[in-house]
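# Understanding the architecture of this molecule
Now for the letters of each chain:
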Amino acid sequence: MATRASHAVTQRAHRNALDRLSQAQKTSSQRTHLRIERRAVRLLDADNFAGGCKALIDCLRQASLIPDDDPASLEVTFTQTRVPHRRDEGTQIEIQSPCH
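This write-up is about the structure you can find in this document. (Residues numbered from 1 in each chain as written. Predicted model: local features only at pLDDT ≥ 70, side-chain atom pairs only at ≥ 80, totals over all residues. Heavy atoms only, no water.)

This next bit is on the overall build of the chain. A tally of helices and strands in the chain yields three helices and three strands. What you see in the chain, going N to C, is helices and strands ordered as α-β-α-α-β-β. Taking contacts inside the chain between residues at least 6 apart in sequence as the whole, the part at least 24 apart equals 78%. On the chain, roughly 7,500 Å² of surface is accessible, and the fraction owed to carbon and sulfur atoms is 51%. (Helix = DSSP H or I, 4+ residues; strand = E, 2+ residues; numbered from the N terminus. Contact = heavy atoms within 4.5 Å. Areas by Shrake-Rupley, 256 points an atom, 1.4 Å probe, with all protein chains shown as cover.)

Here it is as structure tokens:
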């Protein structure tokens, strides 16, 4: 019984999280859009790239350039572009605030 109750709680938590995410997606026009483009000779795995951007996103939030980093406030897009030379490497950050 304890396993079933635990599973029910887990299922409810997942459903609530999905409901919140669904509501956030419906209000996409009210969210800030953040696009981070990494240009490099060698591309990273998607999870390494996104995880490596955590400190950058936290700094943008602390500098008040983005309102918050929760899904209801922010939509983030990660892209990578391969460049031929190291001198062409860099990161481009685009922030698009919602129109009020």
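Bridging between strand 1 (residues 32-40) and strand 2 (residues 74-82) involves nine bridges; their strand directions are parallel. Looking at the pairing, A40 lines up with R82 of strand 2. In this sheet, strand 3 (residues 90-96) lies alongside strand 1 in antiparallel orientation, the contact comprising seven bridges. Along strand 3, the bridge assignment pairs R35 with E94. (Pairing = 2+ DSSP bridges.)

A word on the sheet that holds strand 3. The three strands lie next to each other as 2-1-3, forming an open sheet whose pairing is mixed. The open sheet terminates on both sides in strands that have one partner only, identified here as strand 2 and strand 3. With direction set aside, neighbouring strand axes in the sheet form an average angle of 15°. Where helix 3 (residues 54-62) meets the sheet, it contacts strand 1, strand 2 and strand 3, and its direction lies at approximately 140° from that of strand 1. (Axes fitted to C-alpha atoms, helices over the stretch in contact; angles between N-to-C directions.)

Before going further, it helps to spend a moment on the pattern of salt bridges. All told, the structure shown has seven salt bridges when counted by the stated rule. Note that E37 and R39 form a salt bridge whose closest N and O atoms lie 3.4 Å from each other. The partly exposed category is assigned to R39, whose relative accessible area is 28%. A salt bridge links D69 to R61, with the nearest nitrogen and oxygen atoms 3.7 Å apart. Given a relative accessible area of 34%, D69 falls into the partly exposed group. A single salt-bridge network, built from bridges that share partners, covers R35, E37, R39 and E94. (Salt bridge = Lys/Arg side-chain N within 4 Å of Asp/Glu carboxyl O. Buried < 20%, exposed > 50% of the residue type's maximum accessible area, 1.4 Å probe, protein only.)

By themselves, these observations are geometric and do not establish any function.
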